[in-house]
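The lines below spell out each chain.
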Amino acid sequence: MRVKLIMLFCGVFLLSSTAAAVEPNTPAQDTVKMLHLFIQADVNEIRFENIWVFERQSAKRPWQVSINLPDVAENIILDEPNRATFTEDTKIIRANLAADLAVDSVGFSYTLANRGGECRTFIKPDYKVNSVIVSAAGRATGLASEILKPNKFLASHSNAFSRIYSAYDLAVGTKIEINLTGLPCRSSQVFEIVCILGLEAIIIAALLTLLYYNLKGKRRLSR
Amino acid sequence: MITLFGDVSYWGEGILAAIFLLCSFAAVFGLAALKLDAVSASQKILSCVRAAVSAVSILSVIAFLLFINAFVRDDFSIAAVAGYSSLELPFFYKLSAVWAGPAGSLLLWSVCVFVMFGLWAANSGTKDIRYDAARLSAGAFICLGFSAILVFAEKPFAGSLVTLDNGSGLNPLLRNFWMIIHPPLLFLGYSALSFPFVIIIAGIFAGKMAEAYVYKQLRFWLLLGICFLGLGIATGARWSYIVLGWGGYWAWDPVENVSLLPWLIAVASLHSLVGINADEKFKLWTAVLAPVPFILCLVATFVTRSGILQSVHSFGQSAVSGLLLTFIVCGVLLWLICAVKAKKAVAVKWSSPSPFHLNRSEILFWVNVVLVFTTIIIGVATFWPIILQFVTTPDLNFMLTRTFYDKVISAVGVLLAFLLGLGALADSQKRISLLLRVLSCLAAGVICFGFILNHEGKSLLISLACGICAFSFVAVLTGVRLTDTISRTNSAMVHLGVLLLVFAAGYSSAEQSIQTVLTKGGRILLGKYELVYDSFEHKTFNEMTQMGPRIAVTSKNISLSLWPHSNLYADDQSISEVAVYTGLFKDIYVAFDGAAKDGRVVITAKVKPMMLWFWIAILWVGIGPVLGLFEDKRIEDAS
């Protein structure tokens, strides 16, 4: 009987280990402990620097996570390309995290185009998210989101970023919208064009006025 | 508040574009009104032009307030705010940061021009439609030039290229009280000197150079320009004296020189204008000289922004220099046309002058000659490196030394002082009074010369210069009569100030100076003063740390402690601030040049005589012309 019990335990252990080795744990089983997003913009593009800190219940088994990037993301740079891959077609980053750790992170950055000082994007993690912190550089940069709220405490302790937004305990698949406004943008040449066209119109109007009054004067003389 | 309505940058650029269009309307339709034969139509157009000019001045003030608001709110999305301000900058320096950059300073200058022109257009209309049309059009063309620069080249509301949480901060050299008021005064002066250009152009093209109101308007703007530019130069000199630590108030830096040139010509124009009362031939001289200060102001701005000459003041190369050069060329061409037309326009019969007959108009003529000659010499010397590059090898960069300028200006100063005395004596109506005055002047001159040479031990040249100043001082003082008009009394007071200035500048050039290394407790003797290095002190503030040696200064009469120090700012920038004790007849000036790790310090100490009187004189000469404006107002009220 004792031998049978030992054999059953060994069998269950072997099966579970094999199952673990064959099937990586599904994303839903892990959580994103912290998601840090640093946003900086210039007149052409906005750079999003990401740090995703993952957590799992048990360690010592292979561990893979995947992150969906926005379809229009460009210039993707992985912090550790030897353990993460990016597929251009699907815009998904797959990272193999340390097998012996319960907490590990993935770092990467990408850019989105700056369209006239505005940018609309979102993140939709396939994991439960414990905390999201978004730091936006630039005092004029405004961030609007239904999920993210300004975090004045963190902002007051930051020298580098004046606007920090956060959200906590988000369910799997929650869409985190990030709408940026007030980004630097190329100065519009509209006013310059209006000025040149306006000056030309004024000169023409002045010439017509002169012509009108001169004709009027001549007509009066001829009468 | 402005964020409620959108982007500051957008609104700012929109207002500047509106100003450009209104200026275009005023300039072009003003010209049309000048060309029209129908009086009623001209009047209708001119009233619209006046309204446009008023709108320009109001809109420019709004644009400037928006720009200031961006600095106060630390809106780093605006490139000018990000480049010249920071969160830590105290409020008053945020205000001075508004005009610290090339775009902000041009906006300030433009606003001064627009507002002055708006007030002038609204208040001083003459009954002559042709002249009014010409002056409104010419003024609007100048405003158009400024607005074109703001719209196309030096955009004050341009956005930052990157988002920033904090700006670069203000250059520490500019974090000084005198730098808050120096640029506005300078630009007020530059702005006021635009209008003599407008008046002469309008007078010549409308054929009104024989009219008295042309010269009255000219006098007003010349006095205002001389006053503001003079005060601007004086505040800049004071800043150099206490901040730069080179021990002087004037370094003959190219940018300093080019700001002096319009002032000198404006003074010459004013004297020429005064001469019209005595001799109508001065009308021609005035018509030729009066437009020049404005062109020289443009040249000064071009030098500051183009980077063609090495200077501590320059903004570096700027996008505006091409446009400015175009304006300078246009201005010079217009001036040449005016100069050619002037002889016919002023309608004065020309007779050969009698140069050796001493009278008031002859002295005024020679004052003008000296001032113009001085301007030409300083101008050529300032541009000498460029001239040399044209005629010799392009690599050669040779600037004339301070000694050259000092010699030239000393000679000119003494000559002008002598002419001032002669001019005052030429006013004498009776021979006896002339004889008595000449004798008293000579006595004052000789006593002063002898005292300074023997008792004070100064050089022969300095003693001679001071003697001539004393001669002229007595000549001007004895020329003042109780029955004189305010204008004449004011003119005499300003001339006394000029003489005091020449005297103090000459006398202070004979300073005692030493640069030495001191260990703690070490002492040096400078004249009759003993300087002891007591301790090395630090003071820490939020935005900076100050450090420097505490120097005890003792003599028979005084015992004081001076603390020249360096200011080290949080952004790793630093400047040194000198310590100055100002006495009635002597300044004790100590600059901290550096410290070694072993505790030794390097200091420069100077004893500079008559400096208090120099600053009093410079203020006196600067403010004096304002009293002339009150005289104008008084005459108007009386009439």
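Treat the numbers as computed from the prediction; the structure is a model and nothing was measured.

## A look at the overall build of chain A
The number of helices and strands found in chain A is three helices and 13 strands. Counting all 223 residues of chain A, 37% fall into the buried class. The contacts of chain A with a sequence gap of at least 6 include a subset with a gap of at least 24, amounting to 73%. In the form shown here, chain A has an accessible surface area of approximately 13,400 Å², with 59% of it arising from carbon and sulfur atoms.

## With respect to the packing of aromatic side chains
Residue and element names in this part refer to chain B. Under the defined criterion, the tally for this structure stands at 38 aromatic pairs over all chains. Centroid distance F195 to W221: 4.4 Å. Interplanar angle 35°. Geometry classified as tilted. One end of the pair, F195, is in helix α8 (residues 194–205); the other, W221, is in helix α9 (residues 212–244), and 26 residues separate them in sequence. Classification of W221 as buried rests on a relative accessible area of 4%. Ring geometry for Y249 versus W615: centroids 6.0 Å apart, planes at 75°, classification edge-to-face. Here Y249, found in the loop between α9 and α10 (254–275), pairs with W615, found in helix α20 (residues 611–638); they are 366 residues apart in sequence, far enough to count as distant. Lying across the ring of W120, R135 places its NZ or CZ 4.7 Å from the centre. In this arrangement the basic side chain of R238 is found over the ring face of W615, its NZ or CZ atom lying 5.1 Å from the centre.

## Some thoughts on the domain arrangement of chain B
All names here are of chain B. Assigned domains of chain B: these are domain 1 (1–175), domain 2 (178–267 + 279–349), domain 3 (360–510) and domain 4 (512–612). Counting each side, the surface lost to burial between domain 2 and domain 3 is near 1,900 Å², with a carbon and sulfur contribution of 74%. Between domain 2 and domain 3 we count zero salt bridges in total. At the junction of domain 2 and domain 3, the tally comes to three residue pairs in polar contact (both at pLDDT 80 or more). Looking at the side of domain 2 that touches domain 3 element by element, the count peaks at eight residues for α10. Residue composition of the side of domain 2 that touches domain 3, grouped by class: 19 nonpolar, two polar and two charged.

## So, the nonpolar core
Considering soluble globular proteins, one finds that nonpolar side chains tend to be buried as a cluster. In this structure, W109 and M209 of chain B are the most contacted members of the largest nonpolar core, which totals 194 residues. No other element matches the 16 residues that α9 of chain B contributes to this core. When neighbours within four sequence positions are excluded, W109 of chain B is seen to be in contact with F146, F187, Y190, S191, C297, L298 and T301 of chain B. Residues L112, C119, V132 and A167 of chain A belong to the second largest nonpolar core, which totals 38 residues.

Cut-offs applied
Along each chain, numbering runs from 1 in the same order as the chain's sequence is written. Starting at A for chains and at 1 for ligands, labels are handed out in the order in which the entities are written. In keeping with the model being predicted, local features are shown solely for residues with a pLDDT of at least 70 and side-chain atom pairs are shown and tallied solely at 80 or more, while totals for entire chains, interfaces and linings include all residues. Only hydrogens and water are set aside when side-chain values are computed; all heavy atoms of the structure are taken into account. Numbering of helices and strands runs from the N terminus; a helix is a DSSP stretch of H or I covering at least four residues, while a strand is a stretch of E covering at least two. Exposure categories follow from relative accessible area, calculated using a 1.4 Å probe and restricted to protein chains: below 20% of the type maximum is buried, above 50% is exposed, and the middle band is partly exposed. Should any heavy atoms of two residues lie within 4.5 Å, those residues are considered in contact. Each accessible area value is a Shrake-Rupley result obtained with a 1.4 Å probe; residue values ignore everything except the protein chains displayed when judging cover. Each Phe, Tyr or Trp ring (for Trp, its six-membered ring) is paired with any other whose centre lies within 6.5 Å, and the angle between the two planes then decides the class: stacked below 30 degrees, edge-to-face above 60, tilted in between. Either the NZ atom of lysine or the CZ atom of arginine qualifies as a charge over a ring when it sits within 6 Å of the ring centre and within 35 degrees of the ring normal. An automatic or database domain assignment supplies the start and end points of every domain. Put simply, buried area is how much 1.4 Å-probe accessible surface two parts lose in total, over both of them, once they are put together. Every case where a carboxyl oxygen of Asp or Glu lies within 4 Å of a side-chain nitrogen of Lys or Arg is listed as a salt bridge. Whenever two N or O atoms come within 3.5 Å, that pair is a polar contact, provided that in protein one can donate a hydrogen and the other can accept it, and provided that, for residues adjacent in sequence, both atoms are side-chain atoms. Three categories are distinguished: nonpolar for Ala, Val, Leu, Ile, Met, Phe, Trp, Tyr, Cys and Pro, charged for Asp, Glu, Lys and Arg, and polar for the others, with Gly belonging to the last. Each nonpolar core is a collection of buried residues, namely Ala, Val, Leu, Ile, Met, Phe, Trp, Tyr and Cys, held together in the definition by side-chain atoms within 4.5 Å.

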